[in-house]
Amino acid sequence: MERRKRRKSKDERELESFFEGLNSDAERPAEKGQHEFGQVKARRRIEYAEKADLWEEKRTERGGNTQRGRARPANGGEDDKRRERPGTKSEGAARERGKEHFKVLGPDDKETKNSGPKLSAAAKGVIILAALVAVVICFALIKLRVEAIQIIGLETRSEESILSLIDISVGDQMLLVSTRKAARAIDEDPYFAVLSVDKLYPVTIRINLRERIEKAAIMGINEAVVIDDEGYVLAIKDKPYAQGLLKVYGVMSIGFHVNQLLSEESDFHASTLIAILQKLCEYEIIDHIDSLDVSNPLSVYMISKSGVKIQIGQPEKLDEKLSKLKLVMPKLEEMELTDGTLMLIGDGRAVYSPESTPGLTFEPDLTPDPNATISPDMTPDPEQSIEPSATNTP
């Protein structure tokens, strides 16, 4: 015979419904009017724990296990727990969870404690660091302002010419000043080459640059291309603008662009011009020269401001030739010569030949006496070597 199924008591039915609600608590939605699901969940577990305690008290009063109808053993019911059906094992675990939650919150903290997730120590550190950075930035924006602008490298231009190019002024916030933008603005002016733009905290901006100076003008048909000693095109002006500058002939003035170098790689005339121009500036002779002709790069010559033709020949051994010219030029100007030819020879000699008389050779170790008086028709010194101008070769 099959064993008749025992009818459950009222207490057992109430306890089963209690544990079913406890185990399905995580699946229940939050009650209306509650903003924190964790608080609702905590209150429910407290209620379930209280009900579990009341049920335990009833079992104790009745003096036995309601399911078996016999007294509770002295070992706290461990034997009953071992004999429980597999389906009732979760009841004890659920009851313990409710009691533990009640112990954590305490009876006075039911409504105030929040069982939500807490921030880790790393997250708190990140928040504190971000707050400190924000405070430092706010302080810098308020306190660090530009009080001085240093400009290094100007020769002929004024500081106002630089300040008008950049968007920086006294009183600007240091953190908001863009040094790259200032450098690009200065580079757009062909008369300046930016070396660096730096912030010197707390209150100074330093601009280090090199000024490009007008040294020569390549003469074209209707215009003059103004360049510096490196062949950098500074401006394209009308021909009268070239007055006072070294006038250059023999270089085509077509295809030049402002704020760019001459294309010396593809033009032998341009490369010859730049080589001689740099040496004239190095030996500080350029102010004594009126024009330079590089039409024939194998026979380059210059005209001094007094009118003397200076024959350079091929652009070789320029240091020897122009160093000698630097010594001879003051004497020629003192003599007030307005014609004739001064030939610069590569071995360090300089031979002057008037238009109608033999030439006078200056030896490499012979420096003209500045107190001596020499005229074009004077008789040469017998100890000096005299060569006719027709036989002189560059």
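Preceding this paragraph is the structure being described.
Residues numbered from 1 in each chain as written. Predicted model: local features only at pLDDT ≥ 70, side-chain atom pairs only at ≥ 80, totals over all residues. Heavy atoms only, no water.

It is worth spelling out the overall build of the protein at this point. Secondary structure assignment for the protein yields nine helices and 14 strands. Taking all 394 residues of the protein together, the buried fraction comes to 36%. Entry remark: accessible area of the protein is about 24400 Å², with carbon and sulfur atoms responsible for 52%. (Helix = DSSP H or I, 4+ residues; strand = E, 2+ residues; numbered from the N terminus. Buried < 20%, exposed > 50% of the residue type's maximum accessible area, 1.4 Å probe, protein only. Areas by Shrake-Rupley, 256 points an atom, 1.4 Å probe, with all protein chains shown as cover.)

We now examine the nonpolar core. Judged by nonpolar contacts, the single largest core of 39 residues is most densely connected at Ile218, Ile227, Leu246, Leu325 and Leu342. In terms of nonpolar packing, the next biggest core, distinct from the first, is built from 22 residues, Ile166, Ile168, Ile186 and Phe192 among them. (Core = buried A, V, L, I, M, F, W, Y, C linked by side-chain atoms within 4.5 Å.)

Moving on to the packing of aromatic side chains. Within this structure, the stated rule accounts for zero aromatic pairs. Above the plane of the ring of tyrosine 232 lies arginine 212, whose end atom (NZ or CZ) is 3.7 Å from the centre. Its end group placed over the ring of tyrosine 301, lysine 309 keeps NZ or CZ at 4.5 Å from the ring centre. (Phe/Tyr/Trp six-rings, centres within 6.5 Å; stacked < 30°, edge-to-face > 60°. Lys NZ or Arg CZ within 6 Å of the ring centre and 35° of its normal.)

What follows concerns the pattern of salt bridges. By the definition in use, this model includes six salt bridges. A salt bridge links aspartate 198 to arginine 206, with the nearest nitrogen and oxygen atoms 3.6 Å apart. A residue is classified by how much of its surface remains accessible, and aspartate 198, at 28% relative accessible area, is partly exposed. Under the relative-accessibility criterion, arginine 206 is labelled partly exposed at 30%. For arginine 210, the salt bridge is made with glutamate 230, and the minimal N-O distance between the two is 3.6 Å. (Salt bridge = Lys/Arg side-chain N within 4 Å of Asp/Glu carboxyl O.)

Within the element layout of this structure, glycine 220 appears in the loop between β4 (216-219) and β5 (223-227). By relative accessible area, which is 14% here, glycine 220 ends up buried. In this structure, the C-alpha to C-alpha distance between glycine 220 and aspartate 238, residues 18 residues apart in sequence, is 9.4 Å.

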